[in-house]
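# Report on the structure
These are the residues of each chain, in order.
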Amino acid sequence: MRVSVIGGGVAGAASAIALRRATGAEVTVHEAYEDPAGQVGSFFSLAVNGLRGLDSLGCLAEVQAAGFPVALQRM
């Protein structure tokens, strides 16, 4: 089975990993921007449930290594 995932953000990347693991599908992620962190974005934060999701996908340590802790966030 071949699957296309549109969007290389967090949801797209997590979906691609989960689909590959659950079905063994050949997954291709399509992203509109070559460098998503360039002119179109900044950073995002993940709540505990997001971190648990990344952990279940086996990529939490890599994401944490690429990021940085935020001591305080106000919304």
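Data block above holds the structure.
Residues numbered from 1 in each chain as written. Predicted model: local features only at pLDDT ≥ 70, side-chain atom pairs only at ≥ 80, totals over all residues. Heavy atoms only, no water.

### Observations regarding the overall build of the chain
In plain terms, the rule: Helix numbers and strand numbers start at the N terminus; a helix is a DSSP run of H or I with at least 4 residues, a strand a run of E with at least 2. Accessible area is worked out with a 1.4 Å probe on protein chains only. A residue is then buried under 20% of its type maximum, exposed over 50%, and partly exposed in between. Any two residues whose heavy atoms approach within 4.5 Å are treated as being in contact. Accessible surface is estimated by sampling points in the Shrake-Rupley manner with a 1.4 Å probe; for residues, cover comes only from the protein chains shown.
In terms of regular secondary structure, the chain is built from three helices and two strands. Relative to its 75 residues, the chain shows a buried fraction of 12%. Put simply, of all contacts in the chain between residues at least 6 apart along the chain, 44% involve residues at least 24 apart. On the chain, roughly 6,100 Å² of surface is accessible, and the fraction owed to carbon and sulfur atoms is 56%.

### Brief notes about the pairing of strand E2 (residues 26-30)
Defined as follows: Pairing between two strands is assigned when DSSP locates at least 2 bridges connecting them. Whether a crossover is right-handed depends on one test, that the path from the first strand over the helix to the second runs clockwise when the strands point away from the viewer.
As paired strands, strand E1 (residues 2-6) and E2 are joined by five bridges and run parallel to one another. When the sheet's bridge partners are listed, Val3 is paired in E2 with Val27. Chirality of the crossover, the property in question, places the unit of E1, helix H1 (residues 10-23) and E2 among those that are right-handed.

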